[in-house]
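# Remarks on the overall topology
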Amino acid sequence: MRVGMMVGSDKERPRADRLAGVIADARAAESAGFESFWMPQVPGYLDAMTVVSLIGQATHRIEAGTAVVPIQTRHPMIMAQQALTTQIACGGRFTLGVGPSHHWIIDGQLGLPYERPARLMRDYLDVLDASFAGPGAVDVVNDTYQVHAPVDVTDRYQVPVLLAALGPTMLRLAGERAGGTILWMADERAIGDHVVPRITAAAGRAGRPAPRIVAGVPVALCSNDETDGARAYASEVLGHADFSPNYVRLLEHGDSADVGDTMAAGDESAVLARLLRYRDAGVTDLAARIVPLGGDATERAASRRRTQEFLSSLCPAL
């Protein structure tokens, strides 16, 4: 299991410092030996692919990816154009994570339709696949898109695609049509019993390589008697599952009730034991989302540093 980092919206930094700060975080992750760095598309926050492009220019080795960009907000031709440009900026180290997001973002915040997301993803991949095949004409007609447009960005780089796949249909698509999945709010049993068998079988039927299973896992190094509080805090700051029915259905396949229950928390041995359970469940790539603990910014910064140093000691792979 490759060890990487996942970040989120950083409310500790002043707005003017956030872009420079996340680029510095990526450089620090690379220096510390992490294999990957994942940037989500958070509503109202920094644009993920723009940030990843800048990270690509500021680093030399580390994989940089989005986790994930909603498909409804970008036409697939525009997504492909931006992704290919980002891949150039990253020198071939970019991985595009995409997904159908959630109704409360797409419909509630943006006023866009959130209907049959798996079918939309299937049609979206038709256009992405054609766009990533190389320079030339893209001619795709399906239930959603009628595309007759050129792509002339690069003939050197391809763009690996991972899907935010939670349910059976999306997991089948991820296995058949993409390089794997990026998960959030999935515990060991949900991954081992639900995700891995479905996506692996789909990849096998399609004659594709074994899929990547990238798991976003909250992590906090703390004393073992602080773990309950750490889990409750993680659920509060990272977003409760009940906002998103997709996550609720995923959690039903495991033993967790909310995101905090998926957390690796406690002392070094407790955190390591939990991460090894994720590895044994079939996770190929850990995307550790550090949750800093403490009553003020200074304490939280120290907590983040301790947790990151411990995770760094586990690099490059568990």
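Quick caveat: nothing in here was measured; it's all calculated off a predicted structure.

## With respect to the overall build of the chain
A tally of helices and strands in the chain yields eleven helices and twelve strands. In terms of overall size, the chain behaves like a compact globule, its C-alpha atoms giving a radius of gyration of 19 Å where 318 residues would be expected to give roughly 20 Å. When burial is assessed residue by residue, the chain has 53% of its 318 residues classed as buried. If you take every contact in the chain between residues at least 6 apart in sequence, the share linking residues at least 24 apart comes to 74%. For the chain, the distance from the average site of its 30 positive side-chain charges to the average site of its 37 negative ones is 3 Å.

## Some remarks on the environment of A210
Inspection of the secondary structure assignment puts A210 in the loop between α7 (188–205) and β10 (212–221). Along the primary structure A210 and I199 are separated by eleven residues, whereas in three dimensions their C-alpha atoms are 8.8 Å apart.

## A look at the UniProt feature "domain: Luciferase-like" (unreviewed entry) in the chain
This chain's UniProt record puts "domain: Luciferase-like" (unreviewed entry) on residues 15–283. A helix fraction of 44% and a strand fraction of 18% characterise residues 15–283, whose end C-alpha atoms lie 34 Å from each other.

## Concerning helix α1 (residues 18–31)
The first and last C-alpha atoms of α1 sit 20 Å apart over 14 residues, in line with the 20 Å expected at 1.5 Å per residue. Looking at α1, one finds that the buried residues are R18, G21, V22, I23, A26, A29 and E30. The inward-facing, buried residues of α1 contact β1 (2–6), β2 (36–39), α2 (48–58) and α11 (297–313). The first or second residue beyond α1 is G33, which carries a positive phi of 100 degrees.

## Here's the deal with the pattern of salt bridges
Taken as a whole and assessed by the stated rule, the structure comprises 18 salt bridges. Salt-bridge contacts for R61 lead to E35; the nearest nitrogen and oxygen are separated by 3.5 Å. In this pair, R61 is assigned in the loop between α2 and β3 (63–66) and E35 in the loop between α1 and β2, connecting sequence segments 26 residues apart. For R61, a relative accessible area of 39% translates into the label partly exposed. Residues participating in the shared-partner salt-bridge network are R2, E35, R61, E63, R212 and D285.

## Re the domain arrangement of the chain
We note that the domain assignment places domain 1 (1–161) and domain 2 (165–317) within the chain. Taking only C-alpha atoms, the centre of domain 1 and the centre of domain 2 are 20 Å apart. Of all residues in domain 1, the largest losses of buried area upon contact with domain 2 belong to M1, M6 and H102, amounting jointly to 26% of the total for that side. At the junction of domain 1 with domain 2, the criterion picks out five salt bridges. The salt bridge partner of D126 is R177, with a shortest N-O separation of 2.9 Å. At the boundary of domain 1 with domain 2, the tally comes to 16 residue pairs in polar contact (both at pLDDT 80 or more). Broken down by secondary-structure element, the contributors of at least two residues to the side of domain 1 that touches domain 2 are β1, α1, β3, β5 (94–99), α4 (103–106) and α5 (117–131). If you tally residues by element for the side of domain 1 that touches domain 2, the top one is α5, at six residues. Tallied by class, residues from the side of domain 1 that touches domain 2 come to 19 nonpolar, ten polar and seven charged.

## What about the packing of aromatic side chains?
A complete count under the given rule lists one aromatic pair for this structure. Ring centres of Y124 and Y145 lie 6.1 Å apart, and the angle between their planes is 75 degrees; on these two criteria the pair is classed as edge-to-face. Placement of the pair is Y124 in helix α5 and Y145 in the loop between β6 (136–141) and β7 (146–151), with a sequence separation of 21 residues. The exposure classification of Y124 matches that of Y145, with both residues buried.

## A closer look at α5
The end-to-end C-alpha distance of α5 is 21 Å, a good match for the 21 Å that 15 residues give at a rise of 1.5 Å each. Burial in α5 covers these residues: A118, L120, M121, D123, Y124, L125, V127, L128 and S131. The elements touched by buried residues of α5 are α3 (76–89), β5, β6, β7, β8 (161–163) and α6 (168–177).

The rules we used
Residues numbered from 1 in each chain as written. Predicted model: local features only at pLDDT ≥ 70, side-chain atom pairs only at ≥ 80, totals over all residues. Heavy atoms only, no water. Helix = DSSP H or I, 4+ residues; strand = E, 2+ residues; numbered from the N terminus. Rg over C-alpha atoms; globule rule 2.2 N^0.38 Å. Buried < 20%, exposed > 50% of the residue type's maximum accessible area, 1.4 Å probe, protein only. Contact = heavy atoms within 4.5 Å. Lys, Arg positive; Asp, Glu negative; His and termini not counted. Charge placed at Lys NZ, Arg CZ, Asp CG, Glu CD. UniProt positions renumbered as here; feature names shortened; annotations may be inferred. Expected span 1.5 Å × (residues − 1). Salt bridge = Lys/Arg side-chain N within 4 Å of Asp/Glu carboxyl O. Domains from an automatic or database assignment. Buried area = accessible area lost by both parts, 1.4 Å probe. Polar contact = N/O pair within 3.5 Å; in protein donor to acceptor, adjacent residues only side chain to side chain. Nonpolar A, V, L, I, M, F, W, Y, C, P; charged D, E, K, R; others polar. Phe/Tyr/Trp six-rings, centres within 6.5 Å; stacked < 30°, edge-to-face > 60°.

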